[in-house]
Every structure is written in C-alpha cells, then in structure tokens.
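Architecture and fold: a report
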Amino acid sequence: MTMSPSLPDNDRPPPARFALDRWTWKEIAYLLANLPMAIVGFVYTVFLVGVGAGLSVTVIGLPLLALGLGGARWLGRAERARARRMLGVRVEEPSPMMRGRRDQGFFSRLWSGLKDPVGWRSLLYSFIRLPWGVATFVVTLVSLFVLWPVLPYLARGLTNVDRAMVRGLLSPSDELERRIAELESDRGVVVDTAAADLRRIERDLHDGAQARLVALAMGLGLAKEKLTDDPEAAARMVDEAHGEVKVALQELRDLARGIHPAVLTDRGLDAALSAIASRCTVPVTVSVQLPARPAEAIEGIAYFTVSELLQNVSKHSRAAAASVDVWRSGDRLMLRVGDDGAGGARLDGGTGMAGLADRLGAVDGLFVLDSPEGGPTTVTAELPWRDRPARGTERAGAA
C-alpha cells in the first residue's frame, strides 16, 4: 500500500480567497476542533504511558500498554477520518496490527503488540498535538473577530501544517506498507499456483495413466477368459495390453518430469535445459554459466520458467532459431530466452506470460518481456540467488 506525498489535483482544496467559502469554514471548524481532540489524545497518551511504564514491573503493565497501543490506533483512525472529511487529505489506512500466531504463546503475541509502529506513531501524534491544538484554537477564535479579512489565508496556512502532520505521522510507511501488500498478494499467487498444479496433476492422472490402466485391467481380464477357448485372440489381447503398458509408463514418466525432472535433480540446470531444448521444435542454443548450483526451489522455478517459454516458442513464435542464457549476477539468477520469430507477444496475450510473471513475482523475482511486432522476442527473468545447502546440512535437516 503506497500513498502519494501530495494530493492529486482533484483532491486539492481550492485556492484561499477573502470570501469565507465552504472550504474555509471546514478548515476553521477543523482548527477549532483541534483543542478538544488534542486534549483527549494527550490525556490518553500520558495516562497510558505513565500507567503502563509504572506497572511494567507487575504482570499487568506490559499487557496494558499493548492493549493501549491498539486504542491509539483508533485515535489515529479518527484523526485520519477527520482530516479526510474536513481537509481533503487522502491518507490510506495502515495495515492491521500484526499479532503473533496463537501457537506462538502469550509472550510472542504480547511482543507483537508492543512493537506495533502504527500505534506508537499515533501516540506520538497525540502527544505533540496539545500545544499545537491550543495555539490553533486561540489564533482561529481571535481571528474570527479581529483578523477576519485575512482569516481564509491564515486558516489555509495553519491547516497545511495539520495536513503535513497527518501525512507524516498517521499515514502508512510507504516502503513497509508496500512490502506488506506485495507479500499478501504474493501469498495468494503461491496458493493459487499450487492449487492449479495439483488440479493439473490430478487431471492428468485421471484422464491419462489411470484410464489406460483401467482399460489394461479389463483387457487382461478378457484375455484370461479367452486363454483356454481362443489362445490366439488371448495372445493378441495380451500384445495390445503390453502396448498399453508402454504408453501408460511413458505418460507417467512425462507426468513425473512435469512435477520435477530427475535430470534436474541429478545433473542441474545445464543438462535439464539442454534436455528440454532438444524437444523444442525450433533449434535452441543453451548457455549456462553458473559457478555453483542454486537452491533447489530457485533451480526448479528457473527450469519451469525456461520450459514454459520454450513451449511458447514452439507454439507461437514461428521462429527459425532460439537461445537460452543463464548466468549469475551478484545475488540474482538471470535467465534470458530469445527467438527470431514474429514477435508481438504480450503479457495478456493468452500465452501464459502473465502466469509466469506472477510466479516470479511471488518469489521476489522480475519478468521483462520485449517483443515488438515483427520480432525478435526477448524475455529476461531474474530470481533471487540462494546457495544450495551442503549435503551434511540436508541430512541433518532430514534427520
């Protein structure tokens, strides 16, 4: 979740002028309400911090402080709502409080509540608002009777300070909230992708190998019945069943290769990518320059990304040649797949590009597509590099 540091043009209040228009009256009302709101917030902050700190040596002090930080969030929400309605400040609501899971125990949840940054910023806002609230109340009230000709300009200047304080202390932290939003979105993508993969495996098993094995069992049963009466027919049926077994085994191998190919586990990306390149309908040049093998999860994602891209080359590119380059750059694993085909590929073109981009984004990766009409097409992907654990570490983890 991000927030622009300045208001969009259509959210800005109109320029201040001598006439006391609707915007000016709203700003005056906001300034006059600053004092009671500041008193409430200041009293709440002083009471909470004083009592919570004083009782911190007891068993109720820290839980009381954590509960009070949740209440401070409500004060911050009220101030954001007041600023939105009366000042036109578009401030997004921060993410909900991050509480520890129930299986983590009481102290983990307590610590999660005590380190809530949104609650602490709301307390700071409430604490420093009292002198400002007194000043704005007095200045605005006096100006209503003494300085009313310039009151619109005075109110605009004072409320601009309020706008800055709301944005500075009550708005979400841009980077933190953006990262939280990304992680929440990525978690959904990972869950959806895993569910889609499970459905695909189930469908392939049901429609492919399972159906063939059922037919094989029925054929062998009929062959058994004819074995004594018509040996030649039984032999033909057994021969057909033998062919069905070969086809079923090949389908099971293909399915296992789609889950995680054995060549990738045994020999790494170079051999695995060379294998899928050999099955591509377009001649493919493969270059893998890696100092070591990355972590298994990263290696698997890289393999399936290149596999999907080469399938697109075979089906859609009308290319005469293609290339695959894999290398490491700093803490990133780089992939580049190019072809000299017709180009025109798009993320929304129905070729699975959008799904690949989502999968890479879910692991903090990048996906860049460059495919002008007429070609060539180049896809560059980045994945975070993680070292593969040592064999001894793997065995210890398994134990």
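In this numbering scheme, every chain counts its residues from 1 along its sequence in written order. Whole-chain, interface and lining totals are the exception, using all residues; otherwise, since this is a predicted model, local features are given only for residues with pLDDT of at least 70 and side-chain atom pairs are given and counted only at 80 or more. Computation of side-chain values: all heavy atoms of the structure, hydrogens and water removed.

Strands are treated as partners if at least two bridges between them are detected by DSSP. Counting from the N terminus, the helices are DSSP H or I runs at least four residues long and the strands are E runs at least two residues long. Strand order in this open sheet of 5 strands is 1-2-3-5-4, and the pairing throughout is mixed. Single-partner strands in this sheet number two, and they are strand 1 (284–289) and strand 4 (366–370). Across this sheet, the average inter-strand angle for adjacent strands is 10°, counted without regard to direction. Note: strand 2 (residues 322–329) against strand 3 (residues 332–339), 8 bridges, orientation antiparallel. If you follow W327 over to strand 3, its bridge partner there is M334. Throughout, a contact is declared for two residues whenever any of their heavy atoms are within 4.5 Å. Interaxial angles span 0 to 180 degrees and are taken between N-to-C directions of axes, which are lines fitted to C-alpha atoms, for helices over the stretch in contact. Relative to strand 1, helix 9 (residues 269–278) is tilted by about 170°, and along the sheet it contacts strand 1 and strand 2. Strands strand 1, strand 2, strand 3, strand 4 and strand 5 (377–384) of the sheet are contacted by helix 10 (residues 296–317), whose axis makes an angle of about 10° with strand 3.

We now examine the pairing of strand 1. Bridge count between strand 1 and strand 2: 6 bridges; the pairing is parallel. Across the sheet, Q289 pairs through a bridge with W327, a residue of strand 2. Look down the strands so they point away from you; if going from the first strand over the helix to the second traces a clockwise path, that crossover is right-handed. One crossover worth recording links strand 1 to the parallel strand 2 by way of helix 10, and it is left-handed.

Moving on, we come to the pattern of salt bridges. Any carboxyl oxygen of Asp or Glu that lies within 4 Å of a side-chain nitrogen of Lys or Arg is treated as forming a salt bridge with it. Following the criterion strictly, the structure yields 7 salt bridges and no others. Two residues, E382 and R332, come together in a salt bridge whose shortest N-O distance is 3.2 Å. Taken together, the positions of E382 in strand 5 and R332 in strand 3 put the pair 50 residues apart, joining distant regions of the chain. Only protein chains enter the accessibility calculation, which uses a 1.4 Å probe; a residue whose area is less than 20% of its type maximum is buried, one above 50% is exposed, and one in between is partly exposed. Here E382 falls in the partly exposed class, since its relative accessible area comes to 22%.

This part takes up a nonpolar patch on the surface. Nonpolar side chains collect at one region of the surface, where V134, V138, L141, V142, F145, V146, L147, V150 and Y153 lie side by side and expose about 800 Å² of accessible area between them. Here the nonpolar patch takes 5 residues from helix 4 (residues 117–145), the largest share from any one element. Looking at the secondary structure, you find L147 in the loop between helix 4 and helix 5 (151–170). Any residue with relative accessible area above 30% and no salt bridge may belong to a patch, with like charges joined within 9 Å and the nonpolar Val, Leu, Ile, Met, Phe, Trp and Tyr side chains within 5 Å. Only the protein chains shown count as cover for residues, and the accessible areas themselves come from Shrake-Rupley with a 1.4 Å probe.

For any two helices packed against each other, one specifies the inter-axial angle together with the distance between the axes. Running from amino to carboxyl end, helix 1 (residues 22–54) crosses helix 4 at an angle of 145°, the nearest separation of the two axes being 7 Å. As for the relative orientation of helix 1 and helix 4, their crossing is left-handed in sense. Classification used: nonpolar for Ala, Val, Leu, Ile, Met, Phe, Trp, Tyr, Cys and Pro, charged for Asp, Glu, Lys and Arg, polar for all others including Gly. A breakdown of the residues in the contact of helix 1 with helix 4 according to their chemical character gives 22 nonpolar, 7 polar and 1 charged. Here a crossing is taken to be left-handed if its near helix is turned anticlockwise relative to the far helix by less than a right angle, and right-handed if that turn runs clockwise.

Attention now goes to helix 5. To estimate how far a helix should reach, multiply one less than its number of residues by 1.5 Å. With 20 residues, helix 5 extends 27 Å from end C-alpha to end C-alpha; this agrees with the ideal 28 Å at 1.5 Å per step. Every buried residue of helix 5 is listed here: L151, P152, A155, R156, L158, T159, D162, R163, M165, V166, L169 and L170.

Residues in a regular strand point their side chains to alternate faces of the sheet. One ladder, built from 5 bridges, connects strand 4 with strand 5; its direction is antiparallel. By the bridge assignment for strand 5, L369 is matched with V379. Linking strand 4 back to strand 5 in an antiparallel pair, the connection comprises 6 residues, with G374 at a positive phi of about 95°.

Running from amino to carboxyl end, helix 9 crosses helix 10 at an angle of 20°, the nearest separation of the two axes being 10 Å. With respect to helix 10, the axis of helix 9 lies roughly parallel. In this structure, the crossing between helix 9 and helix 10 has a hand that is right-handed. Across the interface between the two elements, L269, A272, L273, I276 and A277 from helix 9 touch E299, A302, Y303, V306, S307 and L310 from helix 10. Class assignment of the residues belonging to the contact of helix 9 with helix 10 gives a composition of 9 nonpolar, 1 polar and 1 charged. Here is the rule for angles: anything less than 35 degrees is roughly parallel, anything more than 145 is roughly antiparallel, 65 through 115 is roughly perpendicular, and the remaining ranges are oblique.

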